[in-house]
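Observations on the model geometry
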Amino acid sequence: FAPCTLEAWIRTTGDKRQQFIIGSDVPNFYGIGIGIKNNSPIVETIRGGFDIASPIRPGEWTHLAAVYGPKETTLFLNGKKLGVG
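Scope of this entry: the structure provided in the associated data block.

**Observations concerning the pairing of strand β7 (residues 73-77)**
With four of five residues buried, β7 is to be regarded as a mostly interior element. Pairing geometry for strand β6 (residues 61-68) and β7, over five bridges, is antiparallel. Residue Tyr68 lies in a different strand from β7, and its bridge partner there is Thr73. Between β6 and β7, which pair antiparallel one after the other, the connecting turn spans four residues. The sheet contact formed by β7 and strand β8 (residues 80-84) spans four bridges and is antiparallel. Residue Phe76 lies in a different strand from β8, and its bridge partner there is Lys81. In sequence, β7 turns back onto β8 through a hairpin of two residues, with Asn78 there showing a positive phi of about 50°.

**Notes on the environment of Glu72**
One can find Glu72 in the loop between β6 and β7. When the C-alpha atoms of Glu72 and Gly85 are compared, they prove to be 5.6 Å apart, with 13 residues separating the residues in sequence. Aside from chain neighbours lying at most four places away, what touches Glu72 is Val67, Val84 and Gly85.

**Looking at the sheet that holds β7**
Strand order in the open sheet formed by four strands is β1-β6-β7-β8, and the pairing between neighbours is antiparallel. A single partner strand is all that each edge strand has here, and the edge strands are β1 (4-11) and β8. Each strand axis lies, on average, 20° off the axis of its neighbour in the sheet, ignoring direction.

What counts and how
- Residues numbered from 1 in each chain as written.
- Predicted model: local features only at pLDDT ≥ 70, side-chain atom pairs only at ≥ 80, totals over all residues.
- Heavy atoms only, no water.
- Buried < 20%, exposed > 50% of the residue type's maximum accessible area, 1.4 Å probe, protein only.
- Helix = DSSP H or I, 4+ residues; strand = E, 2+ residues; numbered from the N terminus.
- Pairing = 2+ DSSP bridges.
- Contact = heavy atoms within 4.5 Å.
- Axes fitted to C-alpha atoms, helices over the stretch in contact; angles between N-to-C directions.

Encoded structure:
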């Protein structure tokens, strides 16, 4: 799976029930993916995943990206590094 980058432009409504996910899933294993859950960015990695309490502004286009390396995954929101896992 690594190295690779997933990225998307997302515009949410602000409804916390709304979710957005792109990526892959492997039966009986974790996949790799990025998305929005509860108006905050999330990332899924082979070993699990993490989310960041950084609210997305409803109605605005938001750039979300994850860079998957051999040993770590870095999550970016609008070009700003949010976290590493």
